[in-house]
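If you want the building blocks of each chain, they are given just below.
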Amino acid sequence: MTEAILLVGGKGTRLRPLTVHTPKPMVRAAGVPFLTHQLARARAAGVDHIVLATSYLAEVFEPYFGDGSSLGLRIEYVTEEEPLGTGGAIRNVASRLHSGPDDPVLVFNGDILTGLNIRALVDTHESTGADVSLHLTKVTDPRAYGLVPTDETGRVLAFLEKPQTPEEIVTDQINAGAYVFRRSVIDTIPSGRPVSVERETFPDLLSAGAHLQGMVDSTYWLDLGTPAAFVRGSADLVLGRAPSPAVPGRCGDRLILPTATVAPDAKLTGGTVVGEGAFVAEGARVFGSTILPGAVIEPGAVITDSLIGTRARVGERSVLTGTVIGDGAVIGPDNELRDGMRVWCDAKIPAGAVRFSSDQ
């Protein structure tokens, strides 16, 4: 097993404004673009050739990763002219694969942080003779996901859309976004049009009698599609809860990148990351948050479970909880921003303009 496809073409609309200038896989998690963690874990599992299926802001990937040699990989890039969906993107890069018809090809979604045992998924695929094998994970509330029931041997029985009633919840197993395809199966996906593997390819294969195998691996798994999830994923990488050989430093309560400046009495905890060239002033307290490169946190600011964009500024004594501040935005002193607030890139909020409590 030497080849993989990484699907990194999505627009990341749920993550805006983080993705206004940066494609979702290139937003920094634990100090490096999130995609770096996926590439490093694939390499550690024995993959040496990866094709990136790009679309949105495709031009930023290759200047950063080049030919992949710095990660011990050979990376190629294929850009979709029009979005093709998950299945269409896989089919669109098929010509770059070197595998034989029966060889396994790994496929990863570019927004999943997981501790999946990649080798075990490939071993399951080969030992069962499956056409496609899927990583499945168990969730406590499966209503937001497509369900994948299996028999006692792990063979997939059906693909069920998001359940609407309790009676429709027949399993707690969901599609976790990592697959192994038999190479020849990829060639059966229609080319030149949008195709969803979840809604079209997998159900059609099942109807045609193909062998789809599920492997339940309930180690760490997180869909990084929302700002809150992305912030949590970054913190979990720093804390060591989510495994990655690409974290640029020792796991612990905080990660301070080279050229960042943090005042001696500033308090950083909960897996906080301070990016290159960022500045955290005296008396600031930052918990479980990501401070991207060049951002400034002024004295006495309190930031919890938030992401502060590149070159953004948070004013003195401002309190931010569960918020996202876009690149270049300025939050004046004495503001209070809370759960779910998103401040757009380059926006400016005057001193004391936003509060959720009395000014006393």
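Residues numbered from 1 in each chain as written. Predicted model: local features only at pLDDT ≥ 70, side-chain atom pairs only at ≥ 80, totals over all residues. Heavy atoms only, no water.

An unreviewed UniProt entry lists the protein under the name NDP-sugar synthase, with Streptomyces cylindrosporus as the source organism.

**Some remarks on the layout of surface pockets**
Here is the rule we go by: Space inside and on the surface of the protein is sampled on a 1 Å grid over the protein atoms alone, with a cavity defined as a set of points where a 1.4 Å probe fits but cannot get out and a pocket as an open set with protein on both sides within 12 Å along at least 5 of 7 lines; lining residues have an atom within 4 Å of a point. Grid points are joined across faces, edges and corners, and a volume is the space filled by probe spheres set on the points. To qualify as a helix, a DSSP run of H or I must reach at least 4 residues; to qualify as a strand, a run of E must reach at least 2; elements of each kind are numbered from the N terminus. In the scheme used here, Gly and all other residues not listed as nonpolar or charged are polar, with Ala, Val, Leu, Ile, Met, Phe, Trp, Tyr, Cys and Pro taken as nonpolar and Asp, Glu, Lys and Arg as charged.
Put simply, the largest pocket is a space of about 1200 Å³. Elements supplying a minimum of two residues to the lining of the largest pocket: α3 (85–92), β9 (173–182), α6 (197–207) and β11 (221–223). In terms of residues, the lining of the largest pocket owes the most to one element, β9, which gives 5 residues. Residues that form the lining of the largest pocket fall into these classes: 20 nonpolar, 13 polar and 10 charged.

**Description of unusual backbone geometry**
Let me state the cut-off plainly: Think of it in three bands: residues with accessible area under 20% of the maximum for their type are buried, residues over 50% are exposed, and the middle band is partly exposed, with areas taken using a 1.4 Å probe on protein chains only.
Across the junction of arginine 16 and proline 17, the peptide omega takes the value 15 degrees, indicating a cis bond. Positive phi values are uncommon outside glycine, yet aspartate 305 reaches one of about 50 degrees. Within the fold, aspartate 305 resides in the loop between β20 (302–304) and β21 (307–308). The partly exposed category is assigned to aspartate 305, whose relative accessible area is 39%. Even without a glycine there, the phi angle at arginine 317 is positive, about 65 degrees. Within the element layout of this structure, arginine 317 appears in the loop between β22 (313–314) and β23 (319–321).

**Quick word on the packing of aromatic side chains**
Which entries qualify depends on this criterion: Ring pairs are drawn from Phe, Tyr and Trp, using the six-membered ring of Trp, whenever the two centres fall within 6.5 Å, and their geometry is named by plane angle: stacked under 30 degrees, edge-to-face over 60, tilted for the rest.
Enumeration over the complete set of coordinates arrives at 7 aromatic pairs. Aromatic side chains phenylalanine 34 and phenylalanine 230 sit 6.4 Å apart centroid to centroid with 65 degrees between the ring planes, which places their arrangement in the edge-to-face category. Of this pair, phenylalanine 34 sits in helix α1 (residues 34–44) while phenylalanine 230 sits in helix α7 (residues 227–239); the two residues are 196 residues apart in sequence, bridging distant segments of the chain. On the basis of relative accessible area, phenylalanine 34 is assigned to the buried category, the value being 1%. Look at phenylalanine 230 and you get buried, because its relative accessible area is 1%. Aromatic side chains tyrosine 145 and tryptophan 221 sit 5.9 Å apart centroid to centroid with 70 degrees between the ring planes, which places their arrangement in the edge-to-face category. Of this pair, tyrosine 145 sits in the loop between β8 (132–138) and β9 while tryptophan 221 sits in strand β11, placing them 76 residues apart in sequence. In this structure tyrosine 145 comes out as partly exposed when scored by relative accessible area, which is 26%. Among the aromatic residues, ring-to-ring pairing joins Phe159, Tyr179, Phe181 and Phe202 into one connected group.

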